[in-house]
Amino acid sequence: MTRSEPTQRSTPHGQVEAVYREHFAHLWRALLAYSGDPDIASDAAAEAFAQALRRDGDLRTPERWVWKAAFRIAAGMLKERSRFVALGPAPGAEWPVPFELHDALMQVSPRQRAALFLHYYGGYSPGEIAELIGSTPSAVRVHLFRGRKRLSRSMAEVSR
Amino acid sequence: MTDLRERFDEYRQVEAPDLWDRIEEMAAATALQPPPIRRRRPLVVALTAFLSVLLVGFALYLLRADAEPLAPADEPAPPANGGPVSTAADLLDGWQAAEGIGRALREANDVVAFEDGFVLAGGAVWVSDDGVRWEWVRRLPLTDSHGYIEAITVGGPGLVAVGGDFGAAVSVSPDGRAWTRVVHGDYEAVDVMYDVAAGEDLIVAIGSGSEGAALWTSPDGATWTQLDDDAGVFHDAFVSSVTRFRSGFVAAGGVGTGSCAGLEASAAVWTSPDGLAWTRTLIATGMTLDDVAAWDEGLLAIGSAADTGCGPDYLQPKTRNDDLAGVWASPDGVAWERLSTPDFPAPVDAVWLRGAADVGAGVLVVGGTMRFGPGDVGEEWVPFASFSGDGATWTDVTSSFDRSAFPEAGWLSGVVATESRVFVNWYGGLWVWGAPPPVATGS
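What this report covers is the structure whose coordinates are included nearby. Everything numeric in this text was worked out from a predicted model, so none of it was measured.

Comments concerning the sheet that holds strand β18 (residues 279-285) of chain B
Residues and elements named next belong to chain B. Here we have four strands laid out as an open sheet, ordered β15-β16-β17-β18, and antiparallel in their pairing. With one partner strand each, in any of the chains shown, β15 (237-245) and β18 form the two edges of the open sheet. Here the strands of the sheet are splayed against their neighbours by 20° on average, with no regard to which way each runs. In the sheet, β15 pairs with strand β16 (residues 248-255) via eight bridges, with the strands oriented antiparallel. Its bridge partner being in β16, Thr243 is matched across the sheet by Val250.

Notes on a negative patch on the surface
A cluster of acidic residues, Glu115, Asp116, Asp129 and Asp175 of chain B, forms a negative patch on the protein surface. Mapped onto the secondary structure, Asp175 of chain B falls in the loop between β9 (168-173) and β10 (180-184).

A look at the pattern of salt bridges
All names here are of chain B. Enumeration over the complete set of coordinates arrives at 14 salt bridges over all chains. Between Arg7 and Glu10 there is a salt bridge, with its nearest N and O atoms 3.0 Å apart. A salt bridge links Asp9 to Arg12; the shortest N-O distance between them is 2.9 Å. Taking relative accessible area as the criterion, Arg12 reaches 39% and is therefore assigned partly exposed. In the salt-bridge network here, residues are joined through shared partners; they are Arg320, Asp322 and Asp323.

Structural notes on helix α1 (residues 12-35) of chain A
Given 3.6 residues per turn, any residue in an α-helix points the same way as the ones three and four places further on. Residue and element names in this part refer to chain A. Taking 1.5 Å as the rise per residue, α1 with 24 residues should run 34 Å; its terminal C-alpha atoms sit only 30 Å apart, a clear shortfall. Of all bends in α1, the biggest is about 60°, found at His23. Extensive coverage of α1 is indicated by the burial of 17 of its 24 residues. A positive phi of about 75° marks Gly36, the residue just after α1.

Quick notes on the layout of surface pockets
Put simply, the largest pocket is a space of about 1200 Å³. Along the wall of the largest pocket there are 50 residues; nearest its centre are Asp110, Thr243, Val415, Val416 and Ala417 of chain B. Those elements that place two or more of their residues in the lining of the largest pocket are α7 (137-159) of chain A together with β3 (108-114), β7 (148-155), β11 (190-198), β15, β19 (287-295), β23 (350-358) and β27 (412-417) of chain B. When residues in the lining of the largest pocket are grouped by element, the largest group, six residues, is from β23 of chain B. Among the residues forming the lining of the largest pocket, the class breakdown is 24 nonpolar, 15 polar and 11 charged.

Digging into the pairing of strand β4 (residues 117-122) of chain B
Along any regular strand the residues' side chains alternate between the sheet's two faces. Residues and elements named next belong to chain B. Counting buried positions along β4 yields six of six residues, so the element is predominantly enclosed. Sheet topology places β3 next to β4; six bridges connect them, and they run antiparallel. Each residue of the ladder has a partner; that of Asp110, found in β4, is Ala121. Examined bridge by bridge, β4 and strand β5 (residues 124-128) share four bridges and lie antiparallel to one another. Along β5, the bridge assignment pairs Leu120 with Trp126. From the end of β4 to the start of β5, which pair antiparallel, there are one residue.

Let's talk about the packing of aromatic side chains
One pass over the full model with this rule turns up 20 aromatic pairs over all chains. Centroid distance Phe234 of chain B to Trp270 of chain B: 5.4 Å. Interplanar angle 20°. Geometry classified as stacked. Within this pair, whereas Phe234 of chain B is found in the loop between β14 (225-226) and β15, its partner Trp270 of chain B is found in strand β17 (residues 266-272), the two being separated by 36 residues in sequence. Each of the two residues, Phe234 of chain B as well as Trp270 of chain B, counts as buried. An aromatic cluster is built from Phe117, Tyr120 and Tyr121 of chain A together with Phe8 and Tyr11 of chain B, whose rings are joined through pairwise contacts. Seen from the ring of Tyr194 of chain B, Arg141 of chain A lies directly overhead, with NZ or CZ sitting 3.8 Å from the centre. The ring of Tyr121 of chain A carries the charged tip of Arg12 of chain B above its face, separated from the ring centre by 4.1 Å.

Remarks on helix α2 (residues 20-29) of chain B
By the burial criterion, the buried members of α2 of chain B are Trp20, Asp21, Ile23 and Ala27 of chain B. In a view along the axis of α2 of chain B, the buried residues occupy a sector of 160°, so they form one face of it. On its buried side, α2 of chain B packs onto α1 and α2 (38-55) of chain A.

A word on unusual backbone geometry
All names here are of chain B. In this structure, the amide linkage connecting Ala346 to the following residue, Pro347, adopts the cis form with an omega of -5°. Here Pro347 lies in the loop between β22 (337-338) and β23. With a phi angle near 55°, Asp296 is a residue other than glycine that sits in the positive phi range. Summarising the element assignment, Asp296 is placed in the loop between β19 and β20 (298-305). Classification of Asp296 as exposed rests on a relative accessible area of 58%. In this structure, Glu297 is a non-glycine residue whose phi angle is positive, near 65°. Mapping Glu297 onto the fold places it in the loop between β19 and β20. Residue Glu297 is classed as exposed on the basis of its relative accessible area of 74%.

With respect to the packing of α1 of chain A against helix α3 (residues 62-81) of chain A
All names here are of chain A. Between α1 and α3, whose axes approach to 11 Å, the crossing angle comes to 25°. Accordingly, the angle class assigned to the pair α1 and α3 is roughly parallel. You can see that α1 and α3 cross each other, and the crossing is right-handed. Facing Val19, His23, His26, Leu27, Ala30, Leu31, Tyr34 and Ser35 of α1, the residues of α3 in contact are Pro62, Glu63, Val66, Trp67, Ala70, Phe71, Ala74, Ala75 and Leu78.

Here's the deal with the sheet that holds strand β12 (residues 203-209) of chain B
All names here are of chain B. Strand order in the open sheet made by the four strands is β11-β12-β13-β14, with antiparallel pairing throughout. Each of the sheet's edge strands pairs with one partner strand only, and the pair in question is β11 and β14. Pairing of β11 with β12, which is carried by seven bridges, proceeds in the antiparallel orientation. When the sheet's bridge partners are listed, Val196 is paired in β12 with Ala205.

The rules we used
Residues numbered from 1 in each chain as written. Chains lettered and ligands numbered in written order. Predicted model: local features only at pLDDT ≥ 70, side-chain atom pairs only at ≥ 80, totals over all residues. Heavy atoms only, no water. Pairing = 2+ DSSP bridges. Helix = DSSP H or I, 4+ residues; strand = E, 2+ residues; numbered from the N terminus. Axes fitted to C-alpha atoms, helices over the stretch in contact; angles between N-to-C directions. Patch = residues over 30% accessible without salt bridge, like charges linked within 9 Å, V, L, I, M, F, W, Y side chains within 5 Å. Areas by Shrake-Rupley, 256 points an atom, 1.4 Å probe, with all protein chains shown as cover. Salt bridge = Lys/Arg side-chain N within 4 Å of Asp/Glu carboxyl O. Lys, Arg positive; Asp, Glu negative; His and termini not counted. Charge placed at Lys NZ, Arg CZ, Asp CG, Glu CD. Buried < 20%, exposed > 50% of the residue type's maximum accessible area, 1.4 Å probe, protein only. Expected span 1.5 Å × (residues − 1). Bend = angle between axes of the 7 residues up to and from the residue. 1 Å grid on protein atoms, 1.4 Å probe; cavity = no way out; pocket = protein on both sides within 12 Å on 5 of 7 lines; lining within 4 Å. Points joined across faces, edges and corners; volume = space filled by probe spheres on them. Nonpolar A, V, L, I, M, F, W, Y, C, P; charged D, E, K, R; others polar. Phe/Tyr/Trp six-rings, centres within 6.5 Å; stacked < 30°, edge-to-face > 60°. Lys NZ or Arg CZ within 6 Å of the ring centre and 35° of its normal. Arc of directions from axis to C-beta. Contact = heavy atoms within 4.5 Å. Parallel < 35°, antiparallel > 145°, perpendicular 65-115°, else oblique. Left-handed = near helix turned anticlockwise from the far one by under 90°.

Here is the structure:
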């Protein structure tokens, strides 16, 4: 299937596509770190962008909306599948991942994962992270605080 | 510990799939069908066009009249009690949505009165003469990365702002426009600075370190020293707020780590006569404090039920107001008494009280309430604000804020009271009380 040409940014469709071109890879990686599952990352991200397209210009801040929607969709998928610790990629699948960190991340809760990833990978503030994952800055600060400690212990164990 | 930022940067090597074609197919598969085209009679079409032209012309006339700069009315005299608010009823009216902040520019976190105007800081810095109309002055100092300011105070050479930028960051300014970064901390040692307060001879900043809360002091805003926590009073703690109190300082937050049981977290207050020696007091279990403010010649602290931080059910739903959040008062920062809890709009699954300020006739508390979404997954936070003159009776003033100006506002993230204004901010904007309404100039 051929890749479609970028639509003009002035149209609602073009605006969403512009957000996609700039943010999709980061969002997908964040969802991967959050869920531990590349299928959930792809499904959640795709559904969020598809919903944004269906809104047809009715979004004040498409970028923020897509991030929030994607995390909520991923949270729903996680809850439905009851997956908290990923077993890694499916047999035969090939996708490079920093396994030491990834394995350690899977030992902390999904929200701690999201907070840690968005903070240390993306440089987002607690307030921004709270907006993205549907939480409060205070809760995010706790996630970062507790997540750091648990992550450091997990990485020390993984490194042995 | 290995540099976390470097480790997380390894994720950039993970190639994300290109799903745009799939996304367009998904969107098209469920897109609404366009309405059928109906043929209209020529007379109806002509009348519709004529009325449309009239309406557009009238709208343009109104806009042209409003395009002239607005001259503010005379500033009202502040009430004699020292704060801008005289009665609870005052807060029910008179709020204006700030202009010029811009939703695309990240968060609006803290505001101070400075010289003859105001300075707002968060994802950028803005200045204003009246607190309503804001001028963006610059992005965060010196870097083009994700730097942000969490708090700002008058002190040092003029203004001192603390926050984060892949590590703790402190910046100073003489005027709110020209900024200089004076500290960019080691990411592993001090992650983010969350609040700052200026005393007579010392400025204190609090933040998150590797073993708990971190505290820095400075005599001038330019040179900073991290406090050695030999007594371990900040170990396994997170501090959200610090304020000047009499000749010393008070900080508020929580203590407790490790377990996923939120009840193991305790609300904590730290006091210091000089900013250097600190004493910790635990005042409640199952809660963490988000703000402490001077009130009624003493202090008032607010907090919410501790987040469990584990698993998808990260918040255990509660039904009693007293279990959702709390308000405490103290004459000295050491002895604390729990006050009555504001009534929250039922049904509610969680409450977050974020900011408190003495507005003159009493205390205004702001935050948000939340209901779990469908399937207990999606969360919808909505604003919450309540006022009390005595700490016993609360009046919900949430409806006072014009939500149409900021329909996407969730929780309210702070409240600041100056001599003439009250500011309430959320993530992407600001409401202000006490500014004179705009008066159109004659044309």
